[in-house]
Amino acid sequence: MVDHASQIGRMPGYPVFLAIVGAIFGDSLLAYRLADAVVSAAVVVLVGWLGQVVFSRREGLVAALGAALYPAFVLYVVTILSETLFMAFLVGGSACLAVAMTRRGLKWPALAGLVLGLAVMVRASHLLCVPLLAALWVVVRRFDKATLAKAGVMLAAFAATLVPWTVRNWHASGGHLVLTTLRTGPSLYEGLNPQATGAPMMDAINWDVGTTGMSEWEKNRYWLRKALEFARANPGRVARLAVAKLTRFWSVVPNLAQLRQPLFAFGLGVP
């Protein structure tokens, strides 16, 4: 795996969550699963709140019921993955943002930025969404002064959430600016390499080849360069891989063979 001896390989949100649970209840798989179940229940409540803020109480209740019965959410509860915690922060932050758009004051925009920042601390893929949301908010409101102030506060709170991690990464990487992780290069090479099929293959790649003696920063740059070299040399192959990746992403049938039992596959695919 690419995470061997990695100091900046993953975002810290979910490991910190597991560490807190372990410190309180002990290193127990059951404790971790129960903690995820509690967070998952909170997601249902947050989905209902978001639906109520954006539409009405009735729509909020329907949305909450749908979230409670959604098979994928049930699956996440019994797997030790960061998705459940990420969804809690993402939905909670979105609800705070929805409230901020309809109420005066800067409390809700600040809270939205903070909670959405915590979502990024769990899953780095959400990093650019918050600045884009803020820009869209300002444009839709035609650069209204109150909206500019709210969007600015939201972005400030969002940035403040990431500052401790970024400063830590600066020291851990030897003086390089790393907002999220040093996994971008390996992640890109996983999808763009001579053996790539569009499916996950982190465990099938020897990440030590060509990187002996390199720092973690240098390894990330090395694999990023290799992926881009492959893409430039094989544009047609890249297009086919992109189609394969999209097909897997939007597949109504689970990609994992152990999840393809007819009843379970139907439950995951129909919603």
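Right above here is the structure, for reference.
Worth saying up front: this structure is predicted, and the values here are computed from it rather than measured.

What counts, and where the lines are drawn
Residues numbered from 1 in each chain as written. Predicted model: local features only at pLDDT ≥ 70, side-chain atom pairs only at ≥ 80, totals over all residues. Heavy atoms only, no water. Helix = DSSP H or I, 4+ residues; strand = E, 2+ residues; numbered from the N terminus. Buried < 20%, exposed > 50% of the residue type's maximum accessible area, 1.4 Å probe, protein only. Contact = heavy atoms within 4.5 Å. Areas by Shrake-Rupley, 256 points an atom, 1.4 Å probe, with all protein chains shown as cover. Lys, Arg positive; Asp, Glu negative; His and termini not counted. Charge placed at Lys NZ, Arg CZ, Asp CG, Glu CD. Patch = residues over 30% accessible without salt bridge, like charges linked within 9 Å, V, L, I, M, F, W, Y side chains within 5 Å. Salt bridge = Lys/Arg side-chain N within 4 Å of Asp/Glu carboxyl O. Axes fitted to C-alpha atoms, helices over the stretch in contact; angles between N-to-C directions. Parallel < 35°, antiparallel > 145°, perpendicular 65-115°, else oblique. Left-handed = near helix turned anticlockwise from the far one by under 90°. Nonpolar A, V, L, I, M, F, W, Y, C, P; charged D, E, K, R; others polar. Core = buried A, V, L, I, M, F, W, Y, C linked by side-chain atoms within 4.5 Å.

Colleague: Just to check I follow, could you spell out the overall build of the chain for this structure?
Modeller: Counting its secondary structure elements, the chain contains 12 helices and 0 strands. Counted from the first residue to the last, the chain has its helices and strands arranged as α-α-α-α-α-α-α-α-α-α-α-α. Principal-axis analysis of the C-alpha atoms places the extent of the chain at approximately 55 × 50 × 45 Å. Here the chain holds 271 residues, and the buried ones make up 37% of them. Across the chain, the fraction of contacts at a sequence separation of at least 24, relative to all contacts at a separation of at least 6, is 65%. Approximately 15700 Å² of the chain is accessible, and the part contributed by carbon and sulfur atoms is 68%. Side-chain charges of the chain comprise 24 positive and 12 negative groups, with the mean position of each set lying 11 Å from the other.

Colleague: Before we go on, may I ask you to explain a nonpolar patch on the surface in this structure?
Modeller: Nonpolar side chains collect at one region of the surface, where Val16, Ile20, Ile24 and Phe25 lie side by side and expose about 430 Å² of accessible area between them. Topologically, Phe25 is positioned in helix 1 (residues 13-25). Residue Phe25 is classed as exposed on the basis of its relative accessible area of 61%.

Colleague: So what exactly am I meant to see when it comes to the packing of helix 5 (residues 83-100) against helix 6 (residues 107-122) here?
Modeller: Packed helices, taken two at a time, are described by their axes: the angle between them and the distance between them. Close contact between helix 5 and helix 6 brings their axes to 8 Å; oriented N to C, the two are set at 160°. The angle between helix 5 and helix 6 places the two elements in the roughly antiparallel class. Crossing geometry of helix 5 relative to helix 6 is assigned as left-handed. Between helix 5, through Leu85, Phe86, Phe89, Leu90, Gly92, Gly93, Ser94, Cys96, Leu97, Val99 and Ala100, and helix 6, the contact on the second element is made entirely by Trp108, Pro109, Leu111, Ala112, Val115, Leu116, Leu118, Ala119 and Val122. Of the residues belonging to the contact of helix 5 with helix 6, the class tally is 17 nonpolar, 3 polar and no charged.

Colleague: What is the right way to look at the nonpolar core in this model?
Modeller: Among soluble globular proteins, nonpolar side chains are generally buried collectively. Counting residues in each nonpolar core, the largest one holds 23 residues, and the members touching the most others are Val120, Trp137, Met154, Phe158 and Leu162. Going through the elements one at a time, helix 5, helix 6, helix 7 (129-140) and helix 8 (145-172) are the ones with two or more residues in this core. Leave out the neighbours within four places in its chain, and Val120 touches Met11, His126, Leu127, Phe158 and Leu162. Of all hydrophobic cores here, the second largest spans 22 residues; its members include Leu18, Leu85, Met87 and Ala88.

Colleague: For this particular structure, what's the right way to read the pattern of salt bridges?
Modeller: By the definition in use, this model includes 2 salt bridges. Note that Arg58 is salt-bridged to Glu59, the shortest N-O span being 3.5 Å. Taking the relative accessible area as the measure of exposure, Arg58 reaches 62% and is therefore exposed. Across the pair Glu83 and Arg123 runs a salt bridge, and its minimum N-O distance is 2.9 Å. Of this pair, Glu83 sits in helix 5 while Arg123 sits in the loop between helix 6 and helix 7; the two residues are 40 residues apart in sequence, bridging distant segments of the chain. Owing to a relative accessible area of 30%, Arg123 belongs among the partly exposed residues under this scheme.

So far we have only geometry, and geometry alone does not tell us how the molecule works.
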